[in-house]
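Tertiary structure, described
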Amino acid sequence: MTMLFDSHAHYDDEKFDNIREEILSGITSGDNICPCGVGYIVNAGCDIQSSRFSVALSEKYGFMYAAVGIHPHEAQNADEKWFEEIESMLSHPKVCAIGEAGLDFHYDFSPREIQKKVFERQMLMSQKTGYPIIVHDREAHGQTMEVVSQYKTVGVMHSFSGSCEMAKELIKKGWYVSYSGSVTFKNAVNLAETVQYVPDDKLLIETDAPYLAPVPYRGQLNTSKHAYATAQKIADLKHKDVEYILEITQSNAKKLFNIQ
Ligand SMILES: [Zn+2]
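Before going into details, it helps to say that this report is about the structure given with it. Not measured: the values here are computed from a predicted model.

Turning our eyes to something else, we now look at the overall build of the protein. Secondary structure assignment for the protein yields nine helices and eight strands. Here the protein has a C-alpha radius of gyration of 17 Å; the compact-globule value for 260 residues is 18 Å, and the two agree. Overall size of the protein, expressed as C-alpha extent along the three principal axes, is 45 × 40 × 35 Å. Here the protein holds 260 residues, and the buried ones make up 50% of them.

Residues Ala 209 and Pro 210 are joined by a peptide bond in cis, for which omega reads 10 degrees. Mapped onto the elements of the fold, Pro 210 is located in the loop between strand 8 (203–205) and helix 8 (227–238). Following Val 215, the chain continues into Pro 216 via a peptide bond in cis, with omega recorded as 10 degrees. Positive phi, normally seen in glycine, also occurs at Glu 139, with a value near 55 degrees. Of note, Glu 139 is situated in the loop between strand 5 (133–138) and helix 5 (141–149). The exposure class assigned to Glu 139 is partly exposed, which follows from the 14 C-beta atoms found within 10 Å.

Axis separation between helix 8 and helix 9 (residues 242–257) bottoms out at 8 Å; the angle between their running directions is 110 degrees. As judged from the angle between their axes, helix 8 and helix 9 are roughly perpendicular. Only Val 242, Tyr 244, Ile 245, Leu 246 and Thr 249 of helix 9 make contact with helix 8, whose side of the interface consists of Ala 231, Gln 232, Ile 234 and Ala 235.

Let us now look at the environment of Ser 163. With respect to the helices and strands, the residue Ser 163 is situated in the loop between strand 6 (155–157) and helix 6 (164–172). C-alpha separation for the pair Ser 163 and Asn 190, spaced 27 residues apart in sequence, amounts to 7.5 Å.

Next up on the list: the nonpolar core. Soluble globular proteins: nonpolar side chains tend toward being buried together. Counting residues in each nonpolar core, the largest one holds 70 residues, and the members touching the most others are Leu 4, Ala 67, Ala 97, Val 177 and Ala 231. In terms of residue count, the dominant contributor to this core is helix 9 (seven residues). The residues contacting Ala 67, other than those within four sequence positions of it, are Val 42, Asn 43, Ala 44, Gly 45, Ser 54, Cys 96, Ala 97, Ile 98, Gly 99, Glu 100 and Ile 134.

Time to look at the environment of Ser 180. By the secondary structure assignment, Ser 180 is in the loop between strand 7 (176–179) and helix 7 (189–194). Separated by 50 residues in the primary sequence, Ser 180 and Thr 230 place their C-alpha atoms 6.8 Å from one another. Dropping the residues within four chain positions of it, Ser 180 is found in contact with Ser 159, Glu 206, Thr 207, Asp 208, Leu 212 and Thr 230.

Moving on, we come to the sheet that holds strand 1 (residues 4–9). Within the open sheet, the eight strands sit side by side as 1-2-3-4-5-6-7-8. Their pairing is parallel. The sheet is open, and its two borders are formed by strand 1 and strand 8, each paired with just one other strand. The average angle at which neighbouring strand axes cross in this sheet is 25 degrees, direction not considered. Relative to strand 6, strand 5 is paired through three bridges, and the arrangement is parallel. Of the residues in strand 6, the one forming a bridge with Ile 133 is Gly 155. Taken strand by strand, helix 2 (residues 48–60) contacts strand 2 (38–44), strand 3 (64–68) and strand 4 (95–104), and its axis lies near 160 degrees from that of strand 3. Helix 9 contacts strand 1, strand 2, strand 3, strand 4, strand 6, strand 7 and strand 8 of the sheet and is inclined by roughly 100 degrees relative to strand 8.

Our next topic: the pairing of strand 2. Among the seven residues of strand 2, six are classified as buried, and the element is accordingly described as predominantly covered. The pairing of strand 1 with strand 2 spans four bridges and is classified as parallel. Paired with Phe 5 across the bridge in strand 2 is Tyr 40. With helix 1 (residues 20–25) bridging strand 1 and the parallel strand 2, this β-α-β connection has right-handed handedness.

Moving on: helix 8. When the terminal C-alpha atoms of helix 8 are compared, their 16 Å separation across twelve residues agrees well with the 16 Å that a helix rising 1.5 Å per residue should span. Those residues of helix 8 that sit buried are Ala 227, Tyr 228, Ala 229, Thr 230, Ala 231, Lys 233 and Ile 234. Packed against the buried residues of helix 8 are strand 1, strand 7, strand 8 and helix 9. With its phi angle positive at about 55 degrees, His 239 sits one or two positions after the end of helix 8.

Reading the values: rules and limits
- Residues numbered from 1 in each chain as written.
- Predicted model: local features only at pLDDT ≥ 70, side-chain atom pairs only at ≥ 80, totals over all residues.
- Helix = DSSP H or I, 4+ residues; strand = E, 2+ residues; numbered from the N terminus.
- Rg over C-alpha atoms; globule rule 2.2 N^0.38 Å.
- Buried ≥ 20, exposed ≤ 12 C-beta atoms within 10 Å, placed from the backbone.
- Axes fitted to C-alpha atoms, helices over the stretch in contact; angles between N-to-C directions.
- Parallel < 35°, antiparallel > 145°, perpendicular 65-115°, else oblique.
- Contact = placed C-beta atoms within 7 Å.
- Core = buried A, V, L, I, M, F, W, Y, C linked by C-beta atoms within 7 Å.
- Pairing = 2+ DSSP bridges.
- Right-handed = clockwise from strand over helix to strand, strands pointing away.
- Expected span 1.5 Å × (residues − 1).

Put into structure tokens, the structure is as follows:
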């Protein structure tokens, strides 16, 4: 079987502090939860410490790749030194993307104007350096698309939660769309419908571990192996088999993140 590519996780999260080693050392082997095993994980940075942590994880584990960036929650803490260090981290051989960047108008942990500035700054960095960007959009679809449209670069809309129209617009711009466990939730009928508008060659899957565990693990600590249930759900929605979904999502992610 093709191994699973988890395009977005947070193994630096403190929820993994006592079990990180145990989980990651067994992640590549197949079991009942994930018969194919997990072959690749992109760990997304949220601030400067977690970006450094991402890089350290990528150095420790062959299957781990790092994204470095500033999450909208942390936008108000960003200073010039953070941007400089993040840009310099891009030359590390295991760093494959900028992120996660974006807008979160659900929690509003940072003022919206600051979120927008920090997002735009990272979009500009992506355009300038050619590294793809991982974008977080929660309840900010319109403004996120407005920013996305202003820069000539590509990336992925992570844990997609938008409409069919938004999916189509992203595809038109050459962007990728990534689904987390939320697509398996019982009340996610509208979200599940958007899968039809994402062509096979633009589709990614992810966990956002430790959050958003798919059904039937909803509410539990999420790990990359649980993304197999998400792959299965997408296979059902697209009337394809799960092996095909594993195959295309691995090859799409490798293409986007420039991984051999
Ligand atoms: Zn995330």
